Amino acid sequence: MPQASPLTLLLVNEQAEEIKLTTISLRKFFPGCRVEAVYSAEEALEWVSKQNWLAILLDEQLPCKSGLAVLPELRRQAPDAVIILQAAHTERDIAAQAMQAGADSYLFKKSPAFLTELPLVVQAVLDKRDLTVKLDRSERRLRAIADMTDLLYELDTEGCFIHASPGLLLRLGYSEQDLIGAHYSKLVHPDDLHVAERRFNERRTGVRASRKIALRLLMKPDRTNQSTGLEVELHATGLYSRHQQFLGT
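As the structure is a computational prediction, the values presented were derived from the model and not from experiment.

1. Things to note about the overall build of the chain
In terms of regular secondary structure, the chain is built from 8 helices and 11 strands. Here the C-alpha atoms of the chain give a radius of gyration of 23 Å, more than 25% beyond the 18 Å that 2.2 N^0.38 yields for 249 residues. With the C-alpha coordinates of the chain rotated into their principal frame, the extents come out at 70 × 35 × 30 Å. Counting the 249 residues in the chain, one finds 43% classified as buried. Look at the contacts in the chain between residues 6 or more apart in sequence, and 54% of them connect residues 24 or more apart. Separation between the mean location of the 31 positive side-chain charges and that of the 33 negative ones in the chain comes to 3 Å.

2. Some remarks on helix H3 (residues 67-77)
Those residues of H3 lying buried are Gly67, Leu68, Val70, Leu71, Leu74 and Arg75. For H3, the arc enclosing every buried residue in end-on projection is 150°, short of the 170-degree limit, so these residues lie on one face. In this structure, the buried residues of H3 make contact with helix H2 (41-47), strand E3 (55-59), strand E4 (82-87) and helix H4 (92-101).

3. Points about a nonpolar patch on the surface
On the surface, Leu21, Ile24 and Leu115 cluster together into a nonpolar patch covering about 210 Å² of accessible area. You can see isoleucine 24 is positioned in helix H1 (residues 16-29).

4. Some remarks on the layout of surface pockets
In this structure, the largest pocket encloses a volume near 590 Å³. As for the largest pocket, its lining consists of 24 residues, and the residues nearest its centre are Asp80, Arg129, Asp130, Thr132 and Val133. The element that contributes the greatest number of residues to the lining of the largest pocket is helix H5 (residues 114-147), accounting for 9 residues. Taken together, the residues of the lining of the largest pocket break down into 8 nonpolar, 6 polar and 10 charged.

5. Regarding H1
Think of an α-helix as 3.6 residues a turn; residues three or four steps apart then line up on the same face. With 14 residues, H1 extends 20 Å from end C-alpha to end C-alpha; this agrees with the ideal 20 Å at 1.5 Å per step. What H1 keeps buried is the set Ile19, Thr22, Thr23, Ser25 and Leu26. For H1, the arc enclosing every buried residue in end-on projection is 165°, short of the 170-degree limit, so these residues lie on one face. Every exposed residue of H1 that faces more than 90 degrees away from the buried side is listed here: Ala16 and Lys28.

6. Section: the pattern of salt bridges
Counting across every chain of the model gives 9 salt bridges. The partner of arginine 204 in a salt bridge is glutamate 202, with the nearest N and O atoms 2.9 Å apart. Taking the relative accessible area as the measure of exposure, arginine 204 reaches 33% and is therefore partly exposed. By relative accessible area, which is 2% here, glutamate 202 ends up buried. Here the salt bridges do not stand alone but share partners, grouping Glu18, Asp59 and Lys109 into one network.

7. Observations concerning the nonpolar core
Val12, Ile56 and Leu58 are the most contacted members of the largest nonpolar core, which totals 25 residues. Mapped onto this core, the elements with two or more residues apiece are strand E1 (8-12), H2, E3, H3, E4 and H4. What valine 12 contacts, discounting residues up to four positions off in sequence, is Val38, Ser40, Ala44, Ile56, Leu57, Leu58, Asp59 and Leu62. Among the nonpolar cores identified, the runner-up in size contains 21 residues, and Leu155, Leu187, Leu215 and Leu217 belong to it.

8. Considering the sheet that holds E1
If you walk across this open sheet you meet the 5 strands as E2-E1-E3-E4-E5, and the pairing is parallel. Of all strands in the sheet, those bounded by a partner on one side alone are strand E2 (34-38) and strand E5 (105-108). Averaged over all pairs of adjacent strands, the angle between their axes in this sheet comes to 20°, without regard to strand direction. Relative to E5, E4 runs parallel, the two sharing 4 bridges. Within E5, the position partnered with leucine 85 by the bridge is tyrosine 106.

9. Remarks on the packing of aromatic side chains
Aromatic ring pairs are reported here in terms of the distance separating the ring centres and the angle at which the planes meet. All chains considered together, the criterion is met by 6 aromatic pairs. A ring pair is formed by tyrosine 153 and phenylalanine 161, whose centres lie 6.0 Å apart and whose planes are at 80°; its orientation type is edge-to-face. With respect to burial, tyrosine 153 and phenylalanine 161 carry one shared label: buried. With centroids separated by 4.4 Å and ring planes inclined at 10°, the aromatic side chains of tyrosine 153 and phenylalanine 200 adopt a geometry described as stacked.

10. Focus: the side chain of arginine 75
The topology assignment puts arginine 75 in helix H3. At a separation of 2.7 Å, a polar atom in the side chain of arginine 75 contacts the side chain of aspartate 104. Look past the residues within four positions of arginine 75 in its chain and what remains in contact with it is Asp80, Ala81, Val82, Ile83, Ala101, Gly102 and Asp104.

Conventions and cut-offs
Residues numbered from 1 in each chain as written. Predicted model: local features only at pLDDT ≥ 70, side-chain atom pairs only at ≥ 80, totals over all residues. Heavy atoms only, no water. Helix = DSSP H or I, 4+ residues; strand = E, 2+ residues; numbered from the N terminus. Rg over C-alpha atoms; globule rule 2.2 N^0.38 Å. Buried < 20%, exposed > 50% of the residue type's maximum accessible area, 1.4 Å probe, protein only. Contact = heavy atoms within 4.5 Å. Lys, Arg positive; Asp, Glu negative; His and termini not counted. Charge placed at Lys NZ, Arg CZ, Asp CG, Glu CD. Arc of directions from axis to C-beta. Patch = residues over 30% accessible without salt bridge, like charges linked within 9 Å, V, L, I, M, F, W, Y side chains within 5 Å. Areas by Shrake-Rupley, 256 points an atom, 1.4 Å probe, with all protein chains shown as cover. Salt bridge = Lys/Arg side-chain N within 4 Å of Asp/Glu carboxyl O. 1 Å grid on protein atoms, 1.4 Å probe; cavity = no way out; pocket = protein on both sides within 12 Å on 5 of 7 lines; lining within 4 Å. Points joined across faces, edges and corners; volume = space filled by probe spheres on them. Nonpolar A, V, L, I, M, F, W, Y, C, P; charged D, E, K, R; others polar. Expected span 1.5 Å × (residues − 1). Core = buried A, V, L, I, M, F, W, Y, C linked by side-chain atoms within 4.5 Å. Pairing = 2+ DSSP bridges. Axes fitted to C-alpha atoms, helices over the stretch in contact; angles between N-to-C directions. Phe/Tyr/Trp six-rings, centres within 6.5 Å; stacked < 30°, edge-to-face > 60°. Polar contact = N/O pair within 3.5 Å; in protein donor to acceptor, adjacent residues only side chain to side chain.

Set out below in structure tokens:
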């Protein structure tokens, strides 16, 4: 199935006709996708940091510097993009080198079915990346549960709740619908907001992460709109993907 959000793809290829046909193929499969074409390894390195690319389609044969040679640097600068190397030959050693250098997939562009297969391969690799991110998040959540009390929460990168444990909901009187998507400041006593900032939404990990921070959390207001405070000791740590992209707290 095509992506729900528009695809942003950096196309690195010096052949104008190949760029044209590839762009047409991708836009048929990914409506509204943005394809930016550059023609050399040097331009690829210049453009890779200008956009949060979901995918990079890299031709192996480029002027001056090959796609295989520039691949490690592209991977370093765009750790969460999927990178597909396309080549005019099918040597196994080239494919192995591409994967070792950081490519997510390798395609033979001279195949008669290349333009048909390309969008399917892009989609499959994107799906695999999304699954990996979800698994990373679940693994880190399970590790956190082992180290923390039953009052567990998880925030996204903007500080909004994406998970609240049953224990937290029960103690504060909220339902899951009350909190998911809400900013963490909804739960923090106004007088403690200055303490909670950059701690409740902690980005640091290890010994530098927040530990034993005294806070008051607001319980759900009663019928008179009065909210009492629950004193807690906060332990919070940043969550990161395997490529060190910040995922939340």
